[in-house]
Amino acid sequence: MDFRLLGETAVLADDGTSLDLGHRKQRVVLGALMLRADKTIDIEQLIDAIWPETANRRVAVCSLHAYVSKLRRILEPGTERRGDYEIIARRPKGYRLTVRQECLDIGRVHILAREGRRLFAAGHSAQASAELRKALAEWRGEPLEDFPDGPWIRDEAHYLAELHRGLIEDAAEADLAQGLGPALVPELGRLLAAFPHRERLRALTAHALYQAGRQADALSLIAEGRRQMVEAFGLDPDARIRLMEDRILRQDPSLTPRQVVRLHGNSRARVRRQATTRLTPKVSATSPQTDTLPTRKGALSYVTTCSIP
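So, here's what we can say about the structure. Along each chain, residues carry numbers from 1 onward, in the same order as the chain's sequence is written. Totals for whole chains, interfaces and linings use every residue, but because this is a predicted model, local features are given only for residues with pLDDT of at least 70 and side-chain atom pairs only at 80 or more, for both listing and counting. Water and hydrogen atoms were dropped before computing side-chain values, which therefore reflect all heavy atoms in the structure.

## Thoughts on the pairing of strand E4 (residues 88–91)
Here, strands pair whenever DSSP counts at least two bridges between them. Strands are runs of DSSP state E lasting at least two residues, helices are runs of H or I lasting at least four, and both sets are numbered from the N terminus onward. For E4 and strand E5 (residues 94–97), the ladder comprises 4 bridges, and the chain directions are antiparallel. Within the sheet, the bridge partner assigned to Arg91 lies in E5 and is Gly94.

Structure follows, in structure tokens:
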């Protein structure tokens, strides 16, 4: 089975069909267990996540046990005795969802992200980008939208959003190492407009502008970021921004790799479409204040690189 949390909470059977998980509260119970897969979640914590404002704990506990019982029958329909259920196991203080990381979308994200970052550190930029884009493709929508608002769920939603943003930046950095800056400029610029205080994103956008032959625009973008940081927080930009500015002023040769994408005719439009799809969907629903990024599954394809003589 395939357990999915990064979008609407869902479970796919081995044949790819979506299981009917019941009504919203029942799906939320399973989603909460997915958030802590292979770890026991205390019953009180589950109640706080699913019924954050309930005053009747006894009713909530009874409802939780009923939902778990129904979910067990859905996930393991051939099992008859309570002690034989394995996917949702009872523990002394709570419940535990027992699934392999490869069977859970957030688990696959962690596996792919680790491999992508390892490959990038080893100098394999194209392979790194491929793994990171696969991780990004696991997002099918906004996670935890069906969950009631509460401290635990807010913390989890913030964690997932930050994980997603970090993967976008990691993938962009891997693409820049291949000289794909010209194709990345539109999307990085749009993301930066939504998240103007993300300094790594600003440095990456300046790098992409430089690769596109727009050195003055790159320096202007850095200067604008410096002004915003001083006005908003009274802070100077961090070391990444200062280093990027210095490298651009020196026209550091390492900013433009020897292996670059050579674009001709329709190839240019194709690469631009690929970069747009790979990075992220539209951010029209975002705000700099919430710093929350809507997500959507994206496709990935690669173009061939060639050396500049």
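## So, the nonpolar core
Core analysis: the largest hydrophobic core is formed by 74 residues, its most contacted members being Phe3, Leu30, Leu64, Ile88, Leu97, Leu167 and Ile248. No other element matches helix H6 (residues 151–176), which puts 9 residues into this core. With residues near it in sequence (within four places) discarded, Leu167 still touches Val109, Ala113, Arg117, Leu132, Ala135, Leu136 and Trp139. Nonpolar cores were defined as sets of buried Ala, Val, Leu, Ile, Met, Phe, Trp, Tyr and Cys residues, with membership established by side-chain atoms within 4.5 Å. Exposure is judged per residue with a 1.4 Å probe applied to protein chains only, and the accessible area is read against the type maximum: over 50% gives exposed, under 20% gives buried, and values in between give partly exposed. Any two residues whose heavy atoms approach within 4.5 Å are treated as being in contact.

## A word on the sheet that holds E4
With antiparallel pairing, the 3 strands of this open sheet are ordered in space as E3-E5-E4. Of all the strands in the sheet, the pair left with one neighbour each is strand E3 (40–42) and E4. Going across the sheet, the axis of each strand differs from the next one's by a mean of 30°, ignoring polarity. Two strands pair when backbone bridges link them, and E3 and E5 are joined in this way by 3 bridges, in the antiparallel orientation. Counted as the bridge partner of Thr40 is Arg96 from E5. To define axes, lines are fitted to C-alpha atoms, for helices over the stretch in contact only, and angles between the resulting N-to-C directions are given on a 0 to 180 degree scale.

## Here's the deal with unusual backbone geometry
The phi torsion at Asp38 lies on the positive side, around 65°, for a residue other than glycine. Examined against the element boundaries, Asp38 turns out to sit in the loop between helix H1 (24–35) and E3. Within the chain, Leu144 stands out as a residue other than glycine whose phi angle is a positive 65°. Along the chain, Leu144 turns up in the loop between helix H5 (125–136) and H6.

## Some details on the pattern of salt bridges
Basic side-chain nitrogens of Lys or Arg form a salt bridge, by our definition, when they fall within 4 Å of a carboxyl oxygen of Asp or Glu. Enumeration over the complete set of coordinates arrives at 29 salt bridges. A salt bridge links Arg117 to Asp170, with the nearest nitrogen and oxygen atoms 2.6 Å apart. With Arg117 in helix H4 (residues 105–121) and Asp170 in helix H6, the pair connects residues that are 53 residues apart, well separated along the chain. For Arg200, the salt bridge identified is with Asp170, shortest N-O distance 2.7 Å. Highlighted residues: Arg200 in helix H8 (residues 199–211) and Asp170 in helix H6, separated in sequence by 30 residues. Both residues of the pair, Arg200 and Asp170, count as buried.

## Regarding the environment of Leu132
Structurally, Leu132 can be placed in helix H5. Given a relative accessible area of 1%, Leu132 falls into the buried group. Along the backbone, Leu132 and Arg117 are 15 residues apart, and their C-alpha atoms lie at a distance of 7.9 Å. What Leu132 contacts, discounting residues up to four positions off in sequence, is Ala113, Gly116, Leu167, Asp170 and Ala171.

## Quick notes on the side chain of Glu245
Along the chain, Glu245 falls in helix H10 (residues 239–249). Among all residues touching Glu245, those that are not within four sequence positions of it are Leu219, Ile222 and Arg226.

## So, helix H7 (residues 181–194)
If you check H7, its first and last C-alpha atoms are 19 Å apart, about what 14 residues at 1.5 Å a residue would give, namely 20 Å. The complete set of buried residues in H7 reads Gly181, Ala183, Leu184, Val185, Glu187, Leu188, Leu191, Leu192 and Ala194. Here the expected length of a helix is defined as 1.5 Å per residue gap, with one fewer gap than residues.

## Digging into the packing of H7 against H8
Contact geometry for H7 and H8: axes closest at 8 Å, N-to-C directions at 145°. Relative to H8, the crossing made by H7 is left-handed. Every residue of H8 that contacts H7 at Gly181, Pro182, Val185, Leu188, Gly189, Leu191 and Leu192 is listed here: Leu201, Arg202, Leu204, Thr205, Ala208, Leu209 and Gln211. For the contact of H7 with H8, the class distribution of residues is 9 nonpolar, 4 polar and 1 charged. When the near helix sits turned anticlockwise from the far one by under a right angle, the crossing is termed left-handed; a clockwise turn instead gives a right-handed crossing. Under the convention adopted here, Pro, Cys and the residues Ala, Val, Leu, Ile, Met, Phe, Trp and Tyr are nonpolar, Asp, Glu, Lys and Arg are charged, and Gly plus all remaining residues are polar.

## Quick look at the packing of aromatic side chains
Pairing of aromatic side chains requires ring centres within 6.5 Å, counting the rings of Phe and Tyr and the six-membered ring of Trp. Pairs whose planes differ by under 30 degrees are stacked, by over 60 edge-to-face, and all others tilted. For the coordinates displayed, the defined rule picks out 1 aromatic pair. Above the face of the Tyr95 ring, Arg90 is positioned so that its terminal group lies 5.0 Å from the ring centre. In this analysis the charged atom, NZ for Lys or CZ for Arg, is taken to sit over a ring once it is within 6 Å of the ring centre and within 35 degrees of the ring normal. Directly above the aromatic system of Phe195 lies the positively charged group of Arg165, at a separation of 5.7 Å from the ring centroid.

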